[in-house]
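Each chain, written out:
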Amino acid sequence: MTDWFAGEVAERYDKSTAGMPVEPVIDFLLPFAGGGALELAIGTGRIAVPLAERGVRVAGIDFSPDMVAELRKKTDEIPVEVGDMSTTRVDGTFSVVYTVFNSINNVTSQDGQVDVFANAAAHLEPGGCFVVEVGVPNMQRLEVFDLSDTHVGVDELDFDTQRLVSHHFSLVDGEWRRRSVPFRSVSPAELDLMARLAGLELRERWADWDRSPFTAESTKHVSAWEKA
């Protein structure tokens with residue numbers, strides 16, 4: 001597997017995501033996290049570190065050693081296992097397992113995504129929830145998802161295979177650079193089925209972390225599946 005977040009990507013990750021909200025995510029997760037939280041694709045700790053600062057026992061799994069190295073610059077208090085989030089285990093159980101910012105799409109096969117749900121369920125205590133933030137599938141084969149003076153983002157989707165490639169054109173130090181990353185697009189209904197296979201049931205679904213209603217016009221969803 002290719003580590004798409006190695007090197008300069010990891011070094012610049014916090015800067016490139018600086019405009020993304022953190023507090024609404026923390027506020028959403030806190031009521032779920034009384035028994036501890038496990039973040040899949042913990043990365044640089046953009047969410048995990050402030051969640052831990054709010055008194056939550058946090059652990060993580062991430063595929064990229066370079067992203068974890070950036071996390072380690074912030075804290076040594078959060079245990080992290082480097083590995084594939086579909087199979088890698090950590091010690092203990094948690095009242096919430098979560099993954100944010102489309103990280104479930106980084107797993108590029110259906111079997112792999114099914115395994116992510118199974119792995120999340122294995123780490124949950126009874127009554128615990130798996131929380132996922134992910135975009136809804138594109139409606140067009142080519143779709144511009146970001147357009148600014150320093151970044152252009154274009155998604156390319158193959159409807160037959162659900163293979164999604166996000167092309168990022170970024171202005172870095174006065175030069176335009178391109179990075180293309182493969183994903184697997186997945187619908188809310190397919191995620192619900194994956195959850196059922198893992199012994200989880202949909203508890204709630206929102207359009208964003210602020211619990212705004214999820215509708216046919218929503219471009220993403222935040223969903224929580226509960227372990228019976």
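One numbering rule holds for all chains: residues counted from 1, following each sequence as written. In view of the model being predicted, local features appear only for residues whose pLDDT reaches at least 70, and side-chain atom pairs are presented and counted only at 80 or more, with totals across whole chains, interfaces and linings using the full set of residues. The side-chain quantities take in all heavy atoms of the structure and omit both hydrogens and water.

### Quick notes on the sheet that holds strand 7 (residues 151-158)
Turning to step 1, where the next piece is worked out: Spatially, 4 strands are ordered 6-7-8-9 in an open sheet, and the strand pairing comes out antiparallel. Every other strand in the sheet has two partners, leaving strand 6 (142-147) and strand 9 (175-184) as the edge strands with one partner each. Across the sheet, the axes of successive neighbouring strands diverge by a mean angle of 20°, strand direction being ignored.
Turning to step 2, where the next piece is worked out: Only when DSSP finds a minimum of two bridges between them are two strands counted as paired. Strands are runs of DSSP state E lasting at least two residues, helices are runs of H or I lasting at least four, and both sets are numbered from the N terminus onward. Relative to strand 7, strand 6 is paired through 5 bridges, and the arrangement is antiparallel. Residue pairing for strand 7: D146 is matched across the bridge by G153. Where helices are involved, their axes are fitted lines through C-alpha atoms of the stretch in contact, as for all axes, and angles between N-to-C directions lie from 0 to 180°.

### So, the pairing of strand 11 (residues 220-227)
Turning to step 1, where the next piece is worked out: Relative to strand 11, strand 5 (residues 124-135) runs antiparallel, the two sharing 7 bridges. Bridged to V131 within strand 11 is A224.
Turning to step 2, where the next piece is worked out: Inspection of the sheet shows strand 10 (residues 200-206) paired to strand 11 by 6 bridges, in the antiparallel sense. Its bridge partner being in strand 11, W206 is matched across the sheet by V222.

### Things to note about the pattern of salt bridges
Turning to step 1, where the next piece is worked out: A carboxyl oxygen of Asp or Glu within 4 Å of a side-chain nitrogen of Lys or Arg is what we treat as a salt bridge. In the structure shown here, the tally under the stated rule is 12 salt bridges.
Turning to step 2, where the next piece is worked out: Across the pair E190 and R184 runs a salt bridge, and its minimum N-O distance is 3.0 Å. Side by side, E190 and R184 carry an identical accessibility label, which is buried.
Turning to step 3, where the next piece is worked out: One salt bridge in this structure joins R211 and E204, with 3.4 Å as the shortest N-O distance. For each residue, the accessible area found with a 1.4 Å probe, counting protein chains only, is set against the maximum for its type, and the residue is called buried under 20%, exposed over 50%, and partly exposed in between.

### As for the environment of S103
Turning to step 1, where the next piece is worked out: The residue S103 is located in the loop between strand 4 (94-99) and helix 5 (110-123) in this model.
Turning to step 2, where the next piece is worked out: Taking the relative accessible area as the measure of exposure, S103 reaches 12% and is therefore buried.
Turning to step 3, where the next piece is worked out: For this analysis, residues touch if any pair of their heavy atoms sits within 4.5 Å. Setting aside its immediate chain neighbours within four residues, S103 contacts A41 and M85.
Turning to step 4, where the next piece is worked out: Any pair of nitrogen or oxygen atoms within 3.5 Å is treated as a polar contact; in protein, a donor-acceptor pairing is required on top of that, and neighbouring residues in sequence qualify only through side-chain atoms on both sides. At a separation of 2.8 Å, a polar atom in the side chain of S103 contacts the main-chain carbonyl oxygen of V100.

### Observations regarding a nonpolar patch on the surface
Turning to step 1, where the next piece is worked out: Patch definition: residues above 30% relative accessible area lacking any salt bridge, with like charges linked at up to 9 Å and the nonpolar side chains Val, Leu, Ile, Met, Phe, Trp and Tyr linked at up to 5 Å. In this description, accessible areas are obtained by the Shrake-Rupley approach with a 1.4 Å probe, and a residue is regarded as covered only by the protein chains that are shown. A cluster of nonpolar side chains, namely F169, L171 and W176, defines an oily patch on the protein surface of about 270 Å² accessible area.
Turning to step 2, where the next piece is worked out: Relative to the elements of secondary structure, F169 occurs in strand 8 (residues 163-172).

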